[in-house]
Amino acid sequence: MRVRAVAIALCLCCPVASGTPRSARRNLSVAEQYLFSAANAERARYGLRPLRWSPGLYQAASQHAWRMAERGAISHQFPGEPNLKARGAAAGLRFSEIAENVAEAPTAVLIQQAWLHSPEHLRNMLDPAVDSVAIRVVRGAGGELFAVEDFDRTVSDLSLAQQEEQVGRLLQSVVSIQVRTGTQEARQTCRMESGYAGPRRPMFVMRFTAVKLDRLPSQLRQRLATGRYGQAEVGACPAGPSYGFSIYSIAVLLYR
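All of these numbers come straight from a predicted model, not from anything done at the bench. (Residues numbered from 1 in each chain as written. Predicted model: local features only at pLDDT ≥ 70, side-chain atom pairs only at ≥ 80, totals over all residues. Heavy atoms only, no water.)

1. As for the side chain of S132
1) Next: Examined against the element boundaries, S132 turns out to sit in strand β4 (residues 132-139).
2) Next: A distance of 3.0 Å separates polar atoms of two side chains, one belonging to S132 and the other to D131.
3) Next: A distance of 3.2 Å separates a polar atom in the side chain of S132 from a polar atom in the side chain of T154.
4) Next: Leaving out residues up to four positions away in the same chain, S132 has contacts with L51, R52, S54, L57, D150, F151, D152 and T154. (Helix = DSSP H or I, 4+ residues; strand = E, 2+ residues; numbered from the N terminus. Polar contact = N/O pair within 3.5 Å; in protein donor to acceptor, adjacent residues only side chain to side chain. Contact = heavy atoms within 4.5 Å.)

2. Points about the sheet that holds strand β7 (residues 204-210)
1) Next: Taken in spatial order, the four strands line up as β6-β8-β9-β7 in an open sheet, and their pairing is mixed. If you trace the sheet from one side to the other, it starts and ends with β6 (178-181) and β7, each paired once. Direction aside, neighbouring strands of the sheet carry axes that sit 20 degrees apart on average.
2) Next: Where β7 and strand β9 (residues 248-255) come together, seven bridges link them in antiparallel fashion. (Pairing = 2+ DSSP bridges. Axes fitted to C-alpha atoms, helices over the stretch in contact; angles between N-to-C directions.)

3. Regarding the nonpolar core
1) Next: Core analysis: the largest hydrophobic core is formed by 33 residues, its most contacted members being L35, W53, I111, W115, I135 and V137.
2) Next: Elements supplying a minimum of two residues to this core: α1 (30-45), α2 (55-71), β3 (95-105), α4 (108-116), β4 and β5 (145-154).
3) Next: Core analysis: the second largest hydrophobic core is formed by 21 residues, F204, A210, L216 and L220 among them. (Core = buried A, V, L, I, M, F, W, Y, C linked by side-chain atoms within 4.5 Å. Buried < 20%, exposed > 50% of the residue type's maximum accessible area, 1.4 Å probe, protein only.)

4. Some remarks on the state of the cysteines
1) Next: All chains considered together, the criterion is met by one disulfide.
2) Next: Residue pairing for C190: its cysteine sulfur links by disulfide to C237, the two sulfurs lying 2.1 Å apart. Residues C190 and C237 are joined through a disulfide that is left-handed, its torsion about the S-S bond being -65 degrees. Pair noted here: C190 is in helix α7 (residues 184-191) and C237 is in strand β8 (residues 231-237), with a separation of 47 residues, a long-range link. The exposure classification of C190 matches that of C237, with both residues buried. (Disulfide = S-S within 2.5 Å.)

Structure, rendered in structure tokens:
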């Protein structure tokens, strides 16, 4: 889980090329269409999957682009403005990665060229971990363009039951074990800082948080590998404020 943000300003002149994103034709300016197509063309050069257009990211990017144009300056956060994570969360996004490029230049072509020649900007654009993008370009009072390019990795918001079922499958992929999910005791244990809920004493309890439920913690895998456990209970609970990051909170109780 990370946030990366970099900025650049230019004062050159060059004509704008055209381009039309397949997934987002409506209401986009030529500059926004061009930058979207250019980003995916650059990813294709490196064998990376194309980015999807995200209406939610466009909403978050739009608010910030207008602030930059009004102030005539580039920044990732102005005084009194929510940061990138909070802007994404306010737009209803759920993500495990989020990053941002911003720029000021006379044309979209110059903006793209500057991003390509900046290692940090290019790293955001070519990050294989992100899958979505939106670009908002606003013209300032002096005619210059202010651009915000936001990236994220969109994550489905799983219910507690879905989280528990996924962890249960992971447990059974490691060792043959009987798994119960969503029990009152396991969910209550998840909410506790220590100890366990219910009358039955587990041999081992692990609580963990994760942005993705694609693997078990190494300590839990090592415990399972001992072969000492025949039953497990899995409970999920709300992880609290995460500013848009999909963070899952899980408890696993192991029994003989």
